[in-house]
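Chain residues, written in single-letter form:
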Amino acid sequence: MTVSHILGYPRIGAQRELKKATEAYWKGDQDREALEYVGRDLRARHWAAQRHAGLDWVSVGDFAFYDQVLNVSALLGAVPERFAAQQELAAGDVSLDTTFRMARGRAPSGTPAAACEMTKYFDTNYHYLVPELHEHQRFQLASTRLFDEVDEAHQAGHSVKVTLTGPLTWLWLGKEKGQAFDRLTLLEEVVEVYGEVLNRLAAQGVEWVQLDEPALVQDLPLAWQQAYERAYHRLQAAPLKLMVATYFGGLGDNLSLATRLPVAGLHVDAVRAADELTHVIDRLGPHQVLSVGLVDGRNIWRADLAALWERFMSVKVRLGNRLWLAPSCSLLHVPVDLALESDLDNQLKSWLAFARQKLDEVVSLSRLLDNRATAEDETRLDAATRALDERRDSERTCRKTVRARLAAIQLADSARSSAYAQRALAQRRKLDLPLFPTTTIGSFPQTQDIRAARRAFKAKTLGREAYEARMREEIAYSVARQEALELDIPVHGEAERNDMVEYFGERLEGFAFTRFGWVQSYGSRCVKPPVIYGDVSRPAPMTVRWSEYAQTLTDKPMKGMLTGPVTILHWSFVRDDQPRETTCRQIALALRDEVVDLERAGISIIQIDEPALREGLPLRQGQWQAYLNWAVECFKLSASGVRDETQIHTHMCYSEFNDIIGAIAALDADVITIETSRSDMELLAAFQDFAYPNEIGPGVYDIHTPNIPEVAWMVQLMEKALEKIPAERLWVNPDCGLKTRHWEEVEPALANMVEAAKVLRKRY
Ligand code: GLN
Ligand code: ZN
C-alpha cells in the first residue's frame, strides 16, 4: 500500500486561536495553563484532521508556540547566556518563558534581554529564530516538550511520525557569534544530542522520524556536503527509521549525496523539481522509501488529481510499497481551511485547496494509485478535473485584451526615452531642488483613528463619502505637517492604505481576497496574502485622486506612491498555470497606466517601491540572473511610460546590495532610497564600486525604534556617504515608511533630519 503523510501542518488554528492565546498570555490576560490548554487542543484537532482524512501517520513535532527552529534550539540546550537559563538547562527543562524571551526579548516571567535575530526561512515568508552559536559551545538534551507531545498523540491512539529540523540544517540556519570559528566544529556534539533524542523517541515506540534537511536544495560548500555523510552515518545507529526530508527545490549537485545517506527514507519536492524525480529513483537504495511531495505545499491551488495519478502510475510500479505520498513541504506555508471562506464565489473556491483540503488530495492519490479508490475519491477526482477545466477556459483567468497587450510589448517599452544624464537635466530644470533634497518613504503614522475609520467603513457603519472625507482630512494634516517641517518633497502619507499590496490588489482585476487565509509569518504574526487567479488589469486609476488632492495642498512637488510589480507578485499567492514572470508583466502593465495617469494629473515625482525584489531571489545562485532579468524588466515596464522630466524613485529596505548591484543599477530609477542607517553607510561602498550613476537617498535614521535621531549624528552619517557618492546625487530621508511610528516621534525626528540637510548645504 502507498503510505500517505504530511511534513507538517499549520499550527495557528483555522481562526488564529494560537495567535490570540499567545498574545493574551504575553499581556497577562491568560495564565500558562490556559495557553498550554490551547496548544494541546490545537494539536489534538490537527492530528484528528490528519487521521480522519485517512493519512497513515500523524505528524508530531511540527507544533510550536513560536517557532519550530527555536524549539530545536531549546531541545539541544542552545540557549544564549544572557537569558540566564542555567538552572533550567541543568534540570533539562528549558521553560516556555525562556523560549519566548529568546524570541521577543521578554516574557511574563524572567528578566528581559535582547531577543535573538529572526530571518526568513529559505525562500518563504516564514521567519525563524536564528540559532546563536559559539566556539566550543556545549549541547545537551534540554527540553521534554517533543517527548510529551509524542505521549499525547500516542494516548489519543494515533500512529506517530515525528518531524524535526535535521542537525545540518539547524546548524546551517545558525550564525556564529563572538570569536570567528567554523560552526561545523560543533556538529559532532549536536549529533550526539540528536542521537539521544532518537533513542528516547525509539523507547517511546516511535518507528519513523523525519529530519528536515532543506539545506540540501542550496549550494553547499564541500565541507558541508561531507558533514552530511558523517552526521548521518552516526545517526543511523538509532533504533528507528529516519527519513531525510528535502524541499523548496531540487537537489541538483547534492542529489547523489542525498540518495547515498544511510537512511531508511528520503523525501523530495516533486512540485518544484519535477525533472529530478527519475534521477532520484535511479539512485535510490533497494530498500529505501521515497516520499514524493506531489501536492504543492507552497501554494493554494487545487491539485490536478487525474494528471498526478497518471504521472505517478509508473513510479508506483517501480517502487511498489516503497512509495510514500505527501505535499511538497510542510503545510505551514498555506492557510488552514478553505471551508471557512464563505465570501469567495463558488467557482473560485472550487479552484483552491488549503491545508485541510490538501490532506484529502494526498490520501485520494494514494488510494487511486493502489486501485482502492473509494466513491469519495472518484468524486474528488471528477470535481478536480471539472474545476481545472473550468479554470483553464474561464474568461476570468484568460482575458484576451490583457494577453493581446502583453504580446504587443516592445523592447523599447521597458526603457525610458532618454539616458539618465539627459533626464537628470530635464528634472533639474523642472523641479529646481536644493542640494540634499529631503523626503520621506511614503507612509505617515497609521493612527488608531485611521484604523477605526477603516474598520467602520468595512463594517458599513461609516459611508463612503464620510470615510473619504476622513482620509482627506488626514492627508491634509500630514501635508501641513510636512510643509511646517520644510521637507522638500512631500508625500500624501498613505492614510487610505490598509497594506501596501492589499490596497492595489483590491483595485486590480484578477485578484481575490480571503477572509481567513492567514499564514504564519513569525510568532503570533500572520499575513493574509491576496490570491492572483486571473489575468491582471486595472479597471480604473487606483491612487490618482489622492495624489491629485494632496498636490492641491502644496506648491512643492507631491511624490506619488506605488507598490512595484515584483513586490505585489512576491507577497501574493501566484497562479501556477503560467510562468510567474508573465503574471508579473501583467501587473507591471497595470502599474504603467497608473504611473502615466499620475503624470497626466500633474504629479512630477513617482515612487515605485520594490522592497521584495531581493526576497524573490531563487535558492540557487545559478538561477539568480534569470530571475533578476525579468524582475528588472517588469519594474522598468511599469516605470518607463513617462517623459524625461518626470522623476521615478524606487525604495528598498534591506542592506545587502553587493551581489545584486548590477540589477539595482539596471532598474535605472532616477532616485533610489535604501535602508542604510544601521549599517553605518557601509553598504554605499557597493554603489561606489559599481560607479552607480543615478541619485541615492541613503536612509539617515532607523525608523524601527522610537528614538529621536540627533542632527549631528545624521550629518556625520551623510559625511560618510559623501566619501562615496558626490553631493549632487545624494538625498536625505529616513530608512523606511513611518506608518508604525507616532506623530510625537516623527515630528522631532524629521525636524532634525531637515536641520541636518541644512547643515550640509552650508558645507557643500
Ligand atoms: N511606501 C511604503 C511606506 O512608506 C514603503 C514600505 C516598505 O518599504 N515596506 O510605508
Ligand atoms: Zn522600506
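None of these values were measured; they are calculated from a predicted model.

Trainee: So what's going on with the packing of helix α19 (residues 464-485) against helix α21 (residues 544-552)? Residues and values would help.
Mentor: Where α19 contacts α21, the axes come no closer than 10 Å and their chain directions differ by 45 degrees. Our classification of the angle between α19 and α21 gives oblique. Read as a crossing pair, α19 and α21 show a hand that is right-handed. Touching E468, M471, R472, I475, A476 and V479 of α19 are R545, W546, Y549 and A550, all from α21. In terms of residue class, the contact of α19 with α21 is built from seven nonpolar, no polar and three charged.

Trainee: Lay out the confidence of the model for the protein in plain terms, naming residues and giving numbers.
Mentor: As a general rule, the predicted coordinates of low-pLDDT regions are not to be interpreted in detail. Confidence in the prediction of the protein, expressed as mean pLDDT, is 97, and 100% of residues score 70 or more. As a predicted assembly, this complex carries a pTM of 0.96 together with an ipTM value of 0.99.

Trainee: Tell me about unusual backbone geometry, residues and numbers included.
Mentor: Residues other than glycine predominantly adopt negative phi, and peptide bonds predominantly adopt the trans conformation. Positive phi values are uncommon outside glycine, yet D432 reaches one of about 50 degrees. By relative accessible area, D432 is classed as exposed at 65%. Within the chain, F436 stands out as a residue other than glycine whose phi angle is a positive 50 degrees. Checked against the element boundaries, F436 lands in the loop between α17 (420-431) and α18 (448-458). Judged by its relative accessible area of 0%, F436 is buried.

Trainee: Any details on the sheet that holds strand β20 (residues 671-674)? Residues and values, ideally.
Mentor: Reading across from one edge, β17-β18-β19-β20-β21 is the order of the five strands in this open sheet, with parallel pairing throughout. Each of the sheet's edge strands pairs with one partner strand only, and the pair in question is β17 (559-563) and β21 (695-698). Between one strand and the next, the sheet's axes are offset by a mean angle of 20 degrees, whatever the strand orientation.

Trainee: Pulling in residues and values, what's your account of the nonpolar core?
Mentor: The nonpolar side chains of a soluble globular protein tend to be buried, and buried together. In terms of nonpolar packing, the biggest core is built from 124 residues, with W170, L201, Y232 and L290 touching the most fellow members. Considering every element that reaches this core, the biggest residue donor is helix α8 (residues 187-203), with nine residues. In terms of nonpolar packing, the next biggest core, distinct from the first, is built from 98 residues, A495, W624, L628 and L667 among them.

Trainee: Can you lay out the packing of aromatic side chains for me, pointing to particular residues and giving the numbers?
Mentor: Here the distance between the centres and the angle between the planes together describe a pair of aromatic rings. What the rule picks out here adds up to 24 aromatic pairs. With a centroid separation of 4.7 Å and 65 degrees between ring planes, the pair formed by W208 and W324 is classed as edge-to-face. With a gap of 116 residues between them, W208 in strand β8 (residues 208-212) and W324 in strand β12 (residues 323-327) connect regions that are remote in the sequence. By the burial criterion, W208 is buried, and W324 matches it. An angle of 80 degrees between the planes, with centres 5.0 Å apart, marks the rings of F687 and Y692 as edge-to-face. Per residue, the accessibility class of F687 equals that of Y692, and both read buried. Through a chain of ring-to-ring contacts, the aromatic side chains of Y121, F122, Y126, Y128, Y247 and F248 assemble into a single cluster. For R481, the ring lying beneath its charged end belongs to Y477, and the centroid distance is 5.6 Å. The lysine or arginine in question, K528, covers the ring of W518, its NZ or CZ lying 5.5 Å from the ring centre.

Trainee: So what's going on with the pattern of salt bridges? Which residues, and what values?
Mentor: By the definition in use, this model includes 65 salt bridges. For R380, the salt bridge is made with D360, and the minimal N-O distance between the two is 3.6 Å. With R380 in helix α15 (residues 375-393) and D360 in helix α14 (residues 355-369), this pair connects stretches of sequence that are 20 residues apart. Accessibility expressed as a relative area gives 17% for R380, which makes it buried. For the salt bridge of E594 with R538, the shortest nitrogen-to-oxygen distance reads 2.7 Å. A residue pair is termed long-range when its members are at least 10 positions apart, and E594 in helix α23 (residues 580-600) and R538 in the loop between β16 (531-537) and α21 qualify at 56 residues. Here the two residues E594 and R538 agree in accessibility, since each one is buried. Residues participating in the shared-partner salt-bridge network are R356, D360, R367, E376, D377 and R380.

Trainee: Go over the UniProt feature "binding site: Zn(2+) 1" (unreviewed entry) in the protein, please, and point to the residues and values.
Mentor: Per the UniProt record, the feature "binding site: Zn(2+) 1" (unreviewed entry) sits at H651, C653, E675 and C736. In summary, the annotated positions, though distributed over 86 residues, converge in three dimensions, the widest C-alpha pair being only 8.6 Å. Among the secondary structure elements, H651 is positioned in strand β19 (residues 647-652). Inspection of the secondary structure assignment puts C736 in the loop between α27 (711-722) and α28 (743-763). Judged by relative accessible area, which is 18%, C736 ranks as buried.

Trainee: Give me the coordination of the zinc ion (ligand 2): which residues, what numbers.
Mentor: All of the protein donors around the zinc ion (ligand 2) are H651 (NE2), C653 (SG) and C736 (SG); their distances to the metal are 2.1 to 2.4 Å. Read in sequence order, the donor residues coordinating the zinc ion (ligand 2) give the pattern H-x1-C-x82-C. A relative accessible area of 3% means that H651 is categorised as buried.

What counts as what
- Residues numbered from 1 in each chain as written.
- Chains lettered and ligands numbered in written order.
- Predicted model: local features only at pLDDT ≥ 70, side-chain atom pairs only at ≥ 80, totals over all residues.
- Heavy atoms only, no water.
- Axes fitted to C-alpha atoms, helices over the stretch in contact; angles between N-to-C directions.
- Helix = DSSP H or I, 4+ residues; strand = E, 2+ residues; numbered from the N terminus.
- Parallel < 35°, antiparallel > 145°, perpendicular 65-115°, else oblique.
- Left-handed = near helix turned anticlockwise from the far one by under 90°.
- Contact = heavy atoms within 4.5 Å.
- Nonpolar A, V, L, I, M, F, W, Y, C, P; charged D, E, K, R; others polar.
- pLDDT = per-residue confidence, 0-100.
- Buried < 20%, exposed > 50% of the residue type's maximum accessible area, 1.4 Å probe, protein only.
- Pairing = 2+ DSSP bridges.
- Core = buried A, V, L, I, M, F, W, Y, C linked by side-chain atoms within 4.5 Å.
- Phe/Tyr/Trp six-rings, centres within 6.5 Å; stacked < 30°, edge-to-face > 60°.
- Lys NZ or Arg CZ within 6 Å of the ring centre and 35° of its normal.
- Salt bridge = Lys/Arg side-chain N within 4 Å of Asp/Glu carboxyl O.
- UniProt positions renumbered as here; feature names shortened; annotations may be inferred.
- Donors = N, O, S within 2.8 Å, 3.2 Å for Na, K, Ca; no water.

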